[in-house]
Amino acid sequence: MLKTYKKLQKIRKKAGLSYEEIARQLGISKSFYWQIEHKKRRLYYNMAVKIAKLFDLKPDDLFY
């Protein structure tokens, strides 16, 4: 099972999105998203909901 941050990276790359593109869609800075994906900042459930919505996933899909 992939760790959450590795899942985020895999999902983003599969969608062909850069850090900047996904951050813009989420309304956050590129560095903020980069920090989430690289486990420098905690992924809170409310942000997981927003990320999951971008990729038509359930938030829990990011954690399990």
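Now for a quick tour of the structure. A quick note: this is a predicted structure, and the numbers were derived from the prediction, not measured.

1. What to know about the environment of Leu-26
- Inspection of the secondary structure assignment puts Leu-26 in helix 2 (residues 19-26).
- For the pair Leu-26 and Met-47, spaced 21 residues apart in sequence, the C-alpha to C-alpha distance is 8.4 Å.
- Apart from the residues lying within four places of it in its own chain, the contact partners of Leu-26 are Tyr-33, Met-47, Lys-50, Ile-51 and Leu-54.

2. Description of the pattern of salt bridges
- Applying the stated criterion across every chain, the model contains one salt bridge.
- Where Arg-12 meets Glu-37, a salt bridge forms, and the shortest distance between an N and an O atom there is 2.8 Å. Of this pair, Arg-12 sits in helix 1 (residues 4-14) while Glu-37 sits in helix 3 (residues 30-37), and the two are 25 residues apart along the sequence.
- The class of Arg-12 is buried, set by a relative accessible area of 5%.
- With relative accessibility at 2%, the residue Glu-37 sits in the buried group.

3. A few points about unusual backbone geometry
- Non-glycine residue Lys-39 carries a positive phi angle of around 60 degrees.
- The topology assignment puts Lys-39 in the loop between helix 3 and helix 4 (45-54).
- Using a relative accessible area of 59% as the deciding quantity, one classes Lys-39 as exposed.
- Not every positive phi belongs to a glycine, and Asp-56 is a case in point at roughly 55 degrees.
- Locating Asp-56 in the fold gives a position in the loop between helix 4 and helix 5 (59-63).

4. Examining the nonpolar core
- In terms of nonpolar packing, the biggest core is built from 16 residues, with Leu-8, Leu-26, Tyr-33, Leu-43, Met-47 and Ile-51 touching the most fellow members.
- At the level of elements, helix 2, helix 3 and helix 4 are the ones that each hand at least two residues to this core.
- Discounting chain neighbours no more than four positions away, the residues touching Tyr-33 are Leu-8, Arg-12, Tyr-19, Ile-22, Ala-23, Leu-26, Ile-28 and Ile-51.

Rules used in this analysis
Residues numbered from 1 in each chain as written. Predicted model: local features only at pLDDT ≥ 70, side-chain atom pairs only at ≥ 80, totals over all residues. Heavy atoms only, no water. Helix = DSSP H or I, 4+ residues; strand = E, 2+ residues; numbered from the N terminus. Contact = heavy atoms within 4.5 Å. Salt bridge = Lys/Arg side-chain N within 4 Å of Asp/Glu carboxyl O. Buried < 20%, exposed > 50% of the residue type's maximum accessible area, 1.4 Å probe, protein only. Core = buried A, V, L, I, M, F, W, Y, C linked by side-chain atoms within 4.5 Å.

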